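Survey of secondary and tertiary structure
Chain by chain, the residues:
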Amino acid sequence: MQAKKGDAVTVHYTGRLEDGSVFDSSVSRQPLGFTLGDGNMIKGFDAAVYGMVIGDKKTVTIPAAEAYGERRADMMIDVPLSQVPPNIQPEIGLQLTLQGGGGQPMQVTVVDMTDEKIVLDANHDLAGKDLIFDIELVTIN
């Protein structure tokens, strides 16, 4: 039976960057479960599982556009230091959670600081990067 849209599947995966560094893996954990085509996975990963059968293994390269998208300049946020809460001591690399539009949490990272402002980057850490995944289909339900 081949995996198709609407199937609940589990996979083991290892995600790498082009330099070979691993950014995530399920191999030492439980397999990842999701429903094909429900929009909860990055587009390229979801597409790679279509047509696989239990036990199949493959390696796919997912371009940034089908993963976390390209880095976007409009996701860089300048915040005057006067607006930074006094309990936060900003430093480059500090990760914060802001309340985004609609009240949703938004992860940001401090990427620059001056005497007047801090610059926050709201791009996903993997935005702008092509991703390489080793995928093994474990179950189809």
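Provided above is the structure to which this section pertains.
Residues numbered from 1 in each chain as written. Predicted model: local features only at pLDDT ≥ 70, side-chain atom pairs only at ≥ 80, totals over all residues. Heavy atoms only, no water.

Considerations on the sheet that holds strand S5 (residues 76–80)
In space, the four strands of this open sheet follow the order S5-S8-S7-S6, with antiparallel pairing throughout. Across the chains shown, the open sheet's two edge strands, defined by having one partner strand only, are S5 and strand S6 (95–99). Each adjacent strand pair in this sheet contributes to an overall mean axis angle of 40°, direction not counted. As judged from the five bridges shared by S5 and strand S8 (residues 117–121), these two strands associate in the antiparallel manner. Looking across to S8, one finds that Pro-80 is bridged to Lys-117. (Pairing = 2+ DSSP bridges. Helix = DSSP H or I, 4+ residues; strand = E, 2+ residues; numbered from the N terminus. Axes fitted to C-alpha atoms, helices over the stretch in contact; angles between N-to-C directions.)

What to know about the packing of aromatic side chains
Tallied over the entire structure, the rule returns five aromatic pairs. Grouped by ring-pair contacts, the aromatic residues Tyr-13, Phe-23, Phe-34, Phe-45 and Phe-133 constitute a single cluster. (Phe/Tyr/Trp six-rings, centres within 6.5 Å; stacked < 30°, edge-to-face > 60°.)

Focus on the pattern of salt bridges
Applying the stated criterion to the full structure yields six salt bridges. Asp-121 is the salt-bridge partner of Arg-71, the closest N and O atoms lying 2.1 Å from each other. Of the two residues, Arg-71 is situated in the loop between strand S4 (57–62) and S5 and Asp-121 in strand S8; the sequence distance between them amounts to 50 residues. Taking the relative accessible area as the measure of exposure, Asp-121 reaches 8% and is therefore buried. (Salt bridge = Lys/Arg side-chain N within 4 Å of Asp/Glu carboxyl O. Buried < 20%, exposed > 50% of the residue type's maximum accessible area, 1.4 Å probe, protein only.)

These figures come from the coordinates and say nothing about function on their own.
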